[in-house]
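Working through the structure, step by step
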Amino acid sequence: MGLVLLIVIWLITFVSSYFFLAKTWWLPTGASAAAAGIDHHFATTYAVMGIVFVAAQVTLGLFAWKYRDGGSSSPARYSHGNNRLELIWTMLTAVLFIGLTLMSGSIWASERFRPAEPGAVQVEVTGMQFAWYFRYPGPDGKFGATKPELIDPTGGGESAVGLDTTDPASKDDVVAGTMYVPVNREVELILRAHDVIHSFFVPAMRFKQDAVPGLAIHMHFTPIATGDYDIFCAELCGLGHYRMHGMLKVVSQEEYDKWLAAREAEKQ
Amino acid sequence: MATREFAAHESHAHAAPQGFIRKWVFSLDHKVIGLQYYFLALTAVFVGMFLSLLMRIHVIWPSVTLPLLGQIKPETYVSLLTMHGTIMVFFVLTTAPQGGFGNYFLPIQIGAADMAFPVINMLSFWVTFLAYLVMLAAFFVTGGAPLHGWTGYPPLSALQSAGPGEGLGADLWVISIALFCVGALMSALNFITTTLDMRAKGMTMMRMPLTCWAWFITAILGLLAFGVLLSAGILLLLDRNAGTSFYVPLVTVNGQLAGHKGGSPLLWQHLFWFFGHPEVYIAILPAMGLCSQLLSVFSRKPIFGYKAMVYAMLSIGLLGFMVWGHHMFMSGMSPYSAFAFSIMTMAIGVPSAIKTFNWLGTLWGSRIRFASPMLFAIGFVSLFVSGGISGPFLAQPTLDIPLHDTAFVTGHFHLIMGVASIFGIFAATYYWFPKMFGRMMNETLARVHFWFTFVGTYCIFMPMHYLGMAGQPRRYSQFTEFHYFDHLIPLNTFMTYAAFVTIAAQFIFVLNLFWSMKAGKKASDNPWEATTLEWTTATPPPHDNFGGHTPVVYNGPYEYSVPGAPSDHVMQTDPTIVAAH
Amino acid sequence: MAIFTPTVSIGEPSTTLGGNGAPPPERYGGDDGRSNYGSSGFDMRLRRARLGMGVAIAGIVMVFVSFTSAYIVRQGLPTLDSRTGNLVRDWIPVQLPRLLLINTFVLLFSGVTMELARRQAAREAAIARAAAVSTASASADSRISWLALTVVLGLAFLTGQWMAWRELAASGFDVATSPSSSFVYLLTGMHGLHLLGGIFALLFAGAASLLRRPIASQVVVLDVTGWYWHFMALLWVYIFCLMEFAH
């Protein structure tokens, strides 16, 4: 039985480790400025915890086999423990764990502690059951007012976000169902939600932030590769949670300007 | 004598009750109450497993029509996962290890005749049972069961219009949880008072088995945490039914103003997780205590580092109240708070690691007997390691960004809280069955059960980590909408088939359980040759646990293979042990 | 293998792990130098009941700690005004009815009568114990009077709270009017509910007295209910101050 335990535990350990190392199912290629740092720290944590995982499971399997009661083996060692050993492995584990966290601190700080740079592309993202809408402030750089009484999800676009068209600043606001941003420029997001908590999740950008009703949450990221990226909802929001989806299209500055200009023109 | 006449409160708790109702229904005997809790959890776990079976089927075959149940709609899926989580966490993981085995064996292991307050003990079970009925009732009312997840975040859980099931079903869900809180608080009261005040002569705190320490610390966590959940639930009920706005800001659902303003969804999250994090330790600590116990018994060796184990459990308990924000890194909470919570969360990994080292240290240099309780104990260590290793990923907010609310989280908590704790329940059943029912369970069936469950649960939950890293969000009813998920379908399919096999294997356990009660091999008083007090008394224990005499304790609970002793185990009540070292 | 030291005798020999053949110390159950409480069943029951009540009170405290933190958070919380896009604070303190002050004095006075009942019972128990009887002496009447008075005052308090609610509602503040009014109803209501539980306990104690149950049982019930009652009074003072001063 000890041998079977060893074999099965080792097998489980090595098979699962294989798939981790082979990256058979893995994070999508990072496309934001933050991705490199996050992925690097991921790899560090991975390596450390991977070693611990394998070491612990291998030891468990080994001990299960080695110390099986074979009848003729010597009696078990009568030991209540070893305080010095306890101290050593406690210190080591604490240093390891706290060390990992502190290492990740600078990335977290750069992502979350500082506000967006001036000149960042501003996009207001609004989540509602079960769609995302993206509002651009237009040439005046100001977002127009919205009113909850004006919200009409069936109308799409401007009425979905409840845009108050009587506000002069709303005249040039563009509301779209697809999010366009220019590459290599910081994007400032203002996250809002109408009804329940949603979460704006772009795996390729290593970006996630809950959109909470009653709050307007400012976040930022910088896309560094053009392409089309899926946006998912990552907070249970009702029956349509699984199909609440958007597309983030990262394009060149020229294409972005053209797209925005075309949307502005449609409004006239 | 004078004092006896004065204190003529006849110890009615010690006279055996007569009649079916007093003996088996409204029993004051902690052993009967423990069994009542256990069987409640047993029915709940099969309900919970059935719900998860339907979930796994739907994920792979979204449009299949099932016999009797018809087609599972997306809203049904989310209701299933809500009820699965709620029933499993509350009525299985918070019920069987503590209310079930804790009730049965804490008094016996400390040498007491019953719990401190038998009437409150009885009431705590019936309140919990009522909570269970109310929870199940949610399935059958108009609109059905709620779909807001076991975590119940408002505004989704606060607004009737936010989805099907968020009407009466959601109200019943909140009421059930509130009742459960009351039952849990009553139970905690009993455990704490009993442990502090009813230990037998010589049973110092540091001679208690680690199971007793685990039940004691779990009860303290419960005492301090369930009150907070109760208050959160009351606020939610008021928001839902009295028009208050504790949690709900100005929102519109489908363009309709919902009639609230100014509330904070984050308030619920803070209150819920202040309870919710200690709750996961409530779910796992008894299993940790039992694992320590079983590794010692079945390797014929004292637990490695008893004091360290006690301090580790105490630290886990204390730190458990300081880490709740790690569930909220992406919630809109202050990023500075997030970092503070992160440090505390990594810190709590340290005592858990210590316990793992000590379990390995117990096995080192031992003589292992591979009885079924030991298989599950070894399995527990493996699962605890696997589930624990993914913790430090989630504990760092930087890495939580890609992983939060993905299948990675689901894999993490299922391995470390779900499966590990269930292994503790299985281990406890196989271990204490002889003492409770006077018979042995069938070892062959037990082994088959173990292997299928051990391998099966790894096959179901280890792949979730890969899926989560690949970006598969959790609580999605299907993955057919977007091509992004196409390459993840095969792995999901594999998991569903693994679930079929694993769930089927659980019937072997149930079969073994009930068959052995009737026809298992008769058990001696101490079939495992263990040292703790429950093995010094008759099988099953008499009504007052020790047949009229109070045990006197001379030794610690893990005196195995003592050099020079006549046998390889020394009972706690044995006064004749040769000097150890 | 090499990382473990081969010797196994490390570890303080003075731990209570492992017996050393010596009989346990002449104290019951316990460790930590607790004083010898003797073999009296009554003392043990009283101690155990008090411990249980202390634990229960800790649990109830957490409920109100939670309400308090919700109160503080909600008070300070700015909310997004969709119309202006600005964050505004919408906490308007409620003018508490003066009746609450009267109710406070009623409750505090009931604490005095409760304490008198509790001490009277303890005195009778001591007398009964010395006389080696189980039933109460004739001076049971004064104890029952204090007990009855406490119940009456408790009910008066609850009636007063109900009247205060009516007064609040009449001046336009019901439970959903504003966040501050929600909390007033919540905190007073939850406290009142717990106090009602205490009143039931007192009625139970009163019934036990009238039915001439053994004095030892009565004393235990009255003692822990007394401590619970004092906690309820303290809790009320706390809630009142929170609502009145913390805004």
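Residues numbered from 1 in each chain as written. Chains lettered and ligands numbered in written order. Predicted model: local features only at pLDDT ≥ 70, side-chain atom pairs only at ≥ 80, totals over all residues. Heavy atoms only, no water.

As for the packing of aromatic side chains
Any pair of aromatic rings gets described here by the distance separating the centres and the angle formed by the planes. One pass over the full model with this rule turns up 95 aromatic pairs over all chains. Between F42 of chain A and Y46 of chain A the ring centres are 5.8 Å apart and the planes differ by 25°, which places this aromatic pair in the stacked class. With F42 of chain A and Y46 of chain A both in helix 2 (residues 35-66) and four residues apart, the pair spans about one turn of that helix. Look at Y46 of chain A and you get buried, because its relative accessible area is 17%. Taken together, Y38, F39, F101, Y104, F105, W215, F298, Y431, W432, F514, W528 and W535 of chain B form an aromatic cluster joined through their ring pairs. We note K208 of chain A situated over the ring of F201 of chain A; from NZ or CZ to the ring centre the distance is 3.9 Å. (Phe/Tyr/Trp six-rings, centres within 6.5 Å; stacked < 30°, edge-to-face > 60°. Helix = DSSP H or I, 4+ residues; strand = E, 2+ residues; numbered from the N terminus. Buried < 20%, exposed > 50% of the residue type's maximum accessible area, 1.4 Å probe, protein only. Lys NZ or Arg CZ within 6 Å of the ring centre and 35° of its normal.)

Some remarks on the packing of helix 2 of chain A against helix 12 (residues 372-389) of chain B
One way to put it is that helix 2 of chain A packs onto helix 12 of chain B with a least axis distance of 10 Å and a crossing angle of 175°. If you check the angle between helix 2 of chain A and helix 12 of chain B, you find them roughly antiparallel. Contact with helix 2 of chain A, carried on its side by M49, V52, F53, A56, Q57, L60 and A64 of chain A, involves I378, V381, S382, V385, S386 and I389 of chain B of helix 12 of chain B and no other residues of that element. When the residues that make up the contact of helix 2 of chain A with helix 12 of chain B are grouped by side-chain class, the tally is ten nonpolar, three polar and no charged. (Axes fitted to C-alpha atoms, helices over the stretch in contact; angles between N-to-C directions. Parallel < 35°, antiparallel > 145°, perpendicular 65-115°, else oblique. Contact = heavy atoms within 4.5 Å. Nonpolar A, V, L, I, M, F, W, Y, C, P; charged D, E, K, R; others polar.)

Section: the interface of chain B and chain A
With 113 residues of chain B at the interface, the matching set in chain A holds 95 residues. Here chain B and chain A share an interface that buries about 9200 Å² over both sides, 73% of which is from carbon and sulfur atoms. Among the residues of chain B in contact with chain A, R367, Y466 and M469 of chain B are the three that bury the most area, contributing 8% of the side total. Across the chain B-chain A interface, the total number found is one salt bridge. Among the salt bridges present, the one from D69 of chain A reaches R367 of chain B, with a minimum N-O distance of 2.7 Å. In this structure, the connection of chain B to chain A is made through 25 residue pairs in polar contact (both at pLDDT 80 or more). Ranked by residue count, the leading element in the side of chain B that touches chain A is helix 11 (residues 335-363) of chain B, at 16 residues. (Buried area = accessible area lost by both parts, 1.4 Å probe. Salt bridge = Lys/Arg side-chain N within 4 Å of Asp/Glu carboxyl O. Polar contact = N/O pair within 3.5 Å; in protein donor to acceptor, adjacent residues only side chain to side chain.)

Some details on the pattern of salt bridges
What the rule picks out here adds up to 24 salt bridges over all chains. The salt bridge involving R263 of chain A is made with E266 of chain A; its shortest N-O contact spans 2.6 Å. Taken together, the residues span about one helical turn, with R263 of chain A and E266 of chain A both in helix 5 (residues 253-267) at a distance of three residues. With relative accessibility at 56%, the residue E266 of chain A sits in the exposed group. A salt bridge links D568 of chain B to R300 of chain B, with the nearest nitrogen and oxygen atoms 2.8 Å apart. Here D568 of chain B, found in the segment after helix 17 (489-519), pairs with R300 of chain B, found in the loop between helix 9 (265-299) and helix 10 (306-319); they are 268 residues apart in sequence, far enough to count as distant.

Brief notes about the side chain of E166 of chain B
Residue and element names in this part refer to chain B. The topology assignment puts E166 in the loop between helix 6 (118-137) and helix 7 (168-197). R240 provides the closest opposite charge to the buried, salt-bridge-free E166, at an N-O distance of 4.0 Å. Polar side-chain contacts of E166 include one of 3.0 Å to the side chain of H148. In contact with E166, other than residues within four places in its own chain, are P146, L147, H148, L156, S157, L159, Q160 and R240. (Lys, Arg positive; Asp, Glu negative; His and termini not counted.)

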